[in-house]
Amino acid sequence: QGLPDHQSIICHPDYNASTLDNDIMLIKLARAATLNSYVNTVPLPTSCVATGTQCLISGWGNTLSSGCESKYPDLLQCLYAPVLPPDECSDAYPGQITNNMLCIGYVEGGKDACQVNKLSRGQGLNVI
C-alpha cells in the first residue's frame, strides 16, 4: 500500500542530507490505524542489534541502485537482511559511517533498503 494519509512527516532534527547521518523520519498518521493481520505495531529494540541478526527493513525509498535516476515505489517495500560487521561497513564506506549507522544487506549486493551508489566498488552493503 502507498504512503498512508498523514498529518505530518517528521524528520530527525539532526538529519544531514550530505552525510545521511540521522536518516530517519516518522510519519504521523491523519487518523488512528486499524490493527489487523496487515497493519500492526512494531516493537522497538531495547539494545543494539548483534552482527548477523536478520532484520526486517522497510520503506518507500529509491529502488534504483545506480546513476542519478530515482524511482520511488507506491507500495511499501520490505526485506529481511543480516546486520553486517562494523569493520566491513567502514571498509566499504571509508570515513562515511557515523555512530548512528549500521550496515544491513548482502555482500553480493542486489538486496538492500536504500539507494547508496556504492555498488560500483563491488560492495553490496546498505547503510542505515
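Residues numbered from 1 in each chain as written. Predicted model: local features only at pLDDT ≥ 70, side-chain atom pairs only at ≥ 80, totals over all residues. Heavy atoms only, no water.

- Where an unreviewed UniProt entry is consulted, the chain appears under the name Peptidase S1 domain-containing protein, with the organism given as Pelusios castaneus.
- In its Subcellular location (unreviewed entry) section, the UniProt record describing the chain reads: "Secreted". (UniProt positions renumbered as here; feature names shortened; annotations may be inferred.)

## Overview of the overall build of the chain
Okay, step 1: The number of helices and strands found in the chain is one helix and four strands.
Okay, step 2: Each helix and strand of the chain, placed in order from N terminus to C terminus, yields the pattern β-β-β-β-α.
Okay, step 3: For the chain, the residues scored as buried account for 19% of the 128 residues in total.
Okay, step 4: In the chain, once contacts between residues fewer than 6 apart in sequence are set aside, the share between residues at least 24 apart is 50%.
Okay, step 5: For the chain, the exposed surface amounts to about 9300 Å²; the carbon and sulfur share of it is 54%. (Helix = DSSP H or I, 4+ residues; strand = E, 2+ residues; numbered from the N terminus. Buried < 20%, exposed > 50% of the residue type's maximum accessible area, 1.4 Å probe, protein only. Contact = heavy atoms within 4.5 Å. Areas by Shrake-Rupley, 256 points an atom, 1.4 Å probe, with all protein chains shown as cover.)

## So, the side chain of D21
Okay, step 1: Mapped onto the secondary structure, D21 falls in the loop between β1 (6-11) and β2 (25-29).
Okay, step 2: Those residues in contact with D21 that lie beyond four places of it in its chain are D14, Y15, N16, T98, N100 and M101.

## Points about the state of the cysteines
Okay, step 1: Applying the stated rule across the entire model yields one disulfide.
Okay, step 2: The residue that forms a disulfide with C89 is C103, at a sulfur-sulfur distance of 1.8 Å. Measuring handedness by torsion sign, the sulfur bridge of C89 and C103 sits at about 65° and is right-handed. Placement of C89 in helix α1 (residues 86-92) and of C103 in the segment after α1 is noted, with a sequence separation of 14 residues between them.
Okay, step 3: Residue classification places C89 among the buried residues on the basis of a relative accessible area of 3%. (Disulfide = S-S within 2.5 Å.)

## Describing the pattern of salt bridges
Any two side chains of opposite charge can pair, given that their charged atoms come close.
Okay, step 1: Summed over all chains, the structure comprises one salt bridge.
Okay, step 2: D5 is the partner of R31 in a salt bridge, and the nearest nitrogen-oxygen pair spans 3.4 Å. Linking R31 in the loop between β2 and β3 (54-59) with D5 in the segment before β1, this pair joins segments that are 26 residues apart in sequence. There is no split in this pair, since R31 and D5 are both exposed. (Salt bridge = Lys/Arg side-chain N within 4 Å of Asp/Glu carboxyl O.)

## A word on the side chain of N22
Okay, step 1: As for its placement among the helices and strands, N22 is situated in the loop between β1 and β2.
Okay, step 2: Here N100 takes part through its side chain, which lies 3.3 Å from a polar atom of the side chain of N22.
Okay, step 3: Not counting residues up to four positions away in its chain, the partners in contact with N22 are H12, D14, Y15 and N100. (Polar contact = N/O pair within 3.5 Å; in protein donor to acceptor, adjacent residues only side chain to side chain.)

## Here we look at the environment of L76
Okay, step 1: Secondary-structure assignment places L76 in the loop between β3 and β4 (77-82).
Okay, step 2: For L76, a relative accessible area of 35% gives the class partly exposed.
Okay, step 3: Sequence separation between L76 and S58 is 18 residues; the distance between their C-alpha atoms is 6.7 Å.

## Here's the deal with the environment of N36
Okay, step 1: Mapping N36 onto the fold places it in the loop between β2 and β3.
Okay, step 2: A distance of 2.6 Å separates a polar side-chain atom of N36 from the backbone nitrogen of Y38.

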